[in-house]
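Residue strings, one per chain:
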Amino acid sequence: MDIFLNTKLSQINQDDFNFLIKNGARSSKLLNFDFESIIYFKWGLLKETLPELFARNDFEQLFFLMLKDRGQNPFFIEVQNIEPNKAMSFILWMIDEMKSINELENQYLRSDPDIKLLQAGINELDKFGLNNTLDNLAKGNILDYDKIRQLPYNVVFDKQYLEVTKGRIEKKLAKQK
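Residues numbered from 1 in each chain as written. Predicted model: local features only at pLDDT ≥ 70, side-chain atom pairs only at ≥ 80, totals over all residues. Heavy atoms only, no water.

A. Here's a closer look at the packing of aromatic side chains. Applying the stated criterion across every chain, the model contains twelve aromatic pairs. Summarising the aromatic geometry, the rings of F33 and F35 are spaced 5.0 Å apart at their centres and angled 90° between planes, so their arrangement reads as edge-to-face. Like F33, the residue F35 is buried in the burial classification. Plain terms: the ring middles of F59 and F63 are 6.0 Å apart, the flat faces sit at 40° to each other, and that makes the pair tilted. Within this pair, F59 and its partner F63 are both found in helix α4 (residues 59–69), separated by four residues, close to a single helical turn. For the pair formed by F59 and F63, the shared burial category is buried. (Phe/Tyr/Trp six-rings, centres within 6.5 Å; stacked < 30°, edge-to-face > 60°. Buried < 20%, exposed > 50% of the residue type's maximum accessible area, 1.4 Å probe, protein only. Helix = DSSP H or I, 4+ residues; strand = E, 2+ residues; numbered from the N terminus.)

B. Here's a closer look at the pattern of salt bridges. One pass over the full model with this rule turns up eleven salt bridges. Here R149 ties to E48 by a salt bridge, and the two come within 2.7 Å at their closest N and O atoms. Of this pair, R149 sits in helix α9 (residues 145–149) while E48 sits in helix α3 (residues 43–55), placing them 101 residues apart in sequence. In this structure, D58 and R56 form a salt bridge, with 3.7 Å as the shortest nitrogen-oxygen distance. (Salt bridge = Lys/Arg side-chain N within 4 Å of Asp/Glu carboxyl O.)

C. Layout of the packing of α3 against α4. Here α3 crosses α4 at 155°, and the two axes come no closer than 8 Å. Considering the angle they form, α3 stands roughly antiparallel to α4. For the element pair α3 and α4, the recorded crossing hand is left-handed. Taken together, the residues of α4 that come into contact with α3 (itself represented by L45, T49, L50, L53 and F54) are F59, Q61, L62, L65, M66 and D69. The residue makeup of the contact of α3 with α4, split by class, is eight nonpolar, two polar and one charged. (Axes fitted to C-alpha atoms, helices over the stretch in contact; angles between N-to-C directions. Parallel < 35°, antiparallel > 145°, perpendicular 65-115°, else oblique. Left-handed = near helix turned anticlockwise from the far one by under 90°. Contact = heavy atoms within 4.5 Å. Nonpolar A, V, L, I, M, F, W, Y, C, P; charged D, E, K, R; others polar.)

D. Representation of the packing of α4 against helix α6 (residues 84–108) in the model. Here α4 crosses α6 at 70°, and the two axes come no closer than 12 Å. Relative to α6, α4 is oriented roughly perpendicular. On α6, the residues that touch F59, L62, F63 and M66 of α4 are A87, F90, I91 and M94. Across the contact of α4 with α6, the residue classes tally to eight nonpolar, no polar and no charged.

E. Expanded view of the nonpolar core. Counting 39 residues, the largest nonpolar core has F35, L62, F63 and M66 as the members making the most contacts within it. Mapped onto this core, the elements with two or more residues apiece are α1 (5–10), α3, α4, α6, α9 and α10 (153–176). If you tally residues by element for this core, the top one is α6, at ten residues. What F63 contacts, discounting residues up to four positions off in sequence, is L5, L30, V79, I82, A87, F90, I91 and M94. (Core = buried A, V, L, I, M, F, W, Y, C linked by side-chain atoms within 4.5 Å.)

F. Focus on a positive patch on the surface. Where like charges cluster on the molecular surface, the positive patch consists of R168, K171, K172 and K175. With respect to the secondary-structure elements, R168 resides in helix α10. (Patch = residues over 30% accessible without salt bridge, like charges linked within 9 Å, V, L, I, M, F, W, Y side chains within 5 Å. Areas by Shrake-Rupley, 256 points an atom, 1.4 Å probe, with all protein chains shown as cover. Lys, Arg positive; Asp, Glu negative; His and termini not counted. Charge placed at Lys NZ, Arg CZ, Asp CG, Glu CD.)

Here it is in structure tokens:
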């Protein structure tokens, strides 16, 4: 009976995993493909699917979808047979990439809401998570959600940054009047 990647990775205990996070080698390569950066993934894969599969430790499915997203067409059995040390180096690289994206978003996409918006209860929208972001990008048209999910993350990020920048300019203009 073959033991596949998810089973092998699940045998790593928490102490060993913590050690690997601090000291393990990182690699952006998987099955001879260099991902370079996860910012080029489709928005939906990066923001919805990746965190879900990562949380479930379903690295076989995650790697398969990531490779397909970048135009690769591996057989699933190839993904299942990735050597655990190569998979672990790739996982560590992904963790670093996700941290970098969170830092970028915190630095460039966060803005303090206007006091009037706070008083009106804008924080209530937080419970909608990514759907709030999708709704803003789709300008309220639910039929466009899937179109946005298919866009590259870096394109969506740039659009969000543009909107945040416009909002700051509009606030400054309003104060000058």
